[in-house]
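Residue-level structural notes
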Amino acid sequence: MGAAMLGDLAYQAAWCKDHPTAVGILTHAITRTDHPAARSLLHLRLARALAAQGDERETRRALTTAERLLAASTAKPLPAWCSWYGEADLAVDTGQALLDLGDTARAHQLITERRALLTPERDKTKGVFLAYQAKSHLELKEPEIAAHTAGEALRLARRIGAPRCEALVQDLVPAFRQVPAAQGVEEFLALAAG
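The following refers to the structure shown. Just so we're clear, the structure is a prediction, and the values are computed from it rather than from any experiment.

**Examining the side chain of His-108**
Following the sequence through the fold, His-108 ends up in helix 6 (residues 104-115). For His-108, a relative accessible area of 15% corresponds to the buried category. A distance of 2.8 Å separates the side chain of His-108 from the side chain of Ser-136, its partner in a polar contact. Among all residues touching His-108, those that are not within four sequence positions of it are Gln-133, Ser-136, His-137 and Leu-140.

**Things to note about the pattern of salt bridges**
All told, the structure shown has 10 salt bridges when counted by the stated rule. With its nearest N and O atoms 2.4 Å apart, the salt bridge here joins Asp-89 to Arg-122. With Asp-89 in helix 5 (residues 87-100) and Arg-122 in the loop between helix 6 and helix 7 (123-139), this residue pair connects regions lying 33 residues apart in the sequence. Given the relative accessible area of 17%, Arg-122 is considered buried. Residue Arg-159 is joined to Asp-123 by a salt bridge in which the shortest nitrogen-to-oxygen separation is 3.4 Å. A residue pair is termed long-range when its members are at least 10 positions apart, and Arg-159 in helix 8 (residues 143-160) and Asp-123 in helix 7 qualify at 36 residues. Taking the relative accessible area as the measure of exposure, Arg-159 reaches 57% and is therefore exposed. One continuous salt-bridge network, built from bridges that share partners, spans Glu-56, Arg-60 and Asp-103.

**Some points on helix 1 (residues 3-15)**
For helix 1, with 13 residues, the first-to-last C-alpha span of 18 Å sits near the 18 Å given by 1.5 Å per residue. All of the buried residues in helix 1 are Ala-3, Leu-6, Gly-7, Ala-10 and Ala-13. Projected onto a plane normal to the axis of helix 1, the buried residues spread over an arc of 120° and lie on a single side. Elements in contact with the buried residues of helix 1: helix 2 (19-30) and helix 3 (36-52).

**Considering the packing of aromatic side chains**
All told, the structure shown has 3 aromatic pairs when counted by the stated rule. Plain terms: the ring middles of Trp-84 and Tyr-85 are 5.9 Å apart, the flat faces sit at 85° to each other, and that makes the pair edge-to-face.

Definitions and cut-offs
- Residues numbered from 1 in each chain as written.
- Predicted model: local features only at pLDDT ≥ 70, side-chain atom pairs only at ≥ 80, totals over all residues.
- Heavy atoms only, no water.
- Helix = DSSP H or I, 4+ residues; strand = E, 2+ residues; numbered from the N terminus.
- Buried < 20%, exposed > 50% of the residue type's maximum accessible area, 1.4 Å probe, protein only.
- Polar contact = N/O pair within 3.5 Å; in protein donor to acceptor, adjacent residues only side chain to side chain.
- Contact = heavy atoms within 4.5 Å.
- Salt bridge = Lys/Arg side-chain N within 4 Å of Asp/Glu carboxyl O.
- Expected span 1.5 Å × (residues − 1).
- Arc of directions from axis to C-beta.
- Phe/Tyr/Trp six-rings, centres within 6.5 Å; stacked < 30°, edge-to-face > 60°.

So, in structure tokens, the structure goes:
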């Protein structure tokens, strides 16, 4: 089985919150490709799975490796299965891993700065990044900004038909219910319920 298929299987395992399985699959997948950017993406996904398990040391090691590999130049074209991958993806997913580890301020900075690099063709990714940004605003005790950002993510997800993105936003609803008096939260909760 190739790195692309293994990467997809690991992504599915992580989405189902089976992070130990994702780590095992990604560890194997990394050995199945030699393209630096492809290896970078696999290390980034590994970091996300490790962060979800709370393994800070290994998460940071995988993030450093992902950054180094993406910066490595090569004459080989990027494999088709990861042709979309770039600096914005690395930065925002690094931010999400850091958010999972509790490094909220740095995570928020990365997610906010790099989201702007996405082109309109990457709206699904933009929606996911907006959901991450909303989560970081919640953790920074900024529910007003979080509600606006989550609403933007939810409207985008519904417009383009991105159920996983919508699920990420819906996962934030319980946190918003804890701050119902904050400006914009009532409107966001109504949108999320609709």
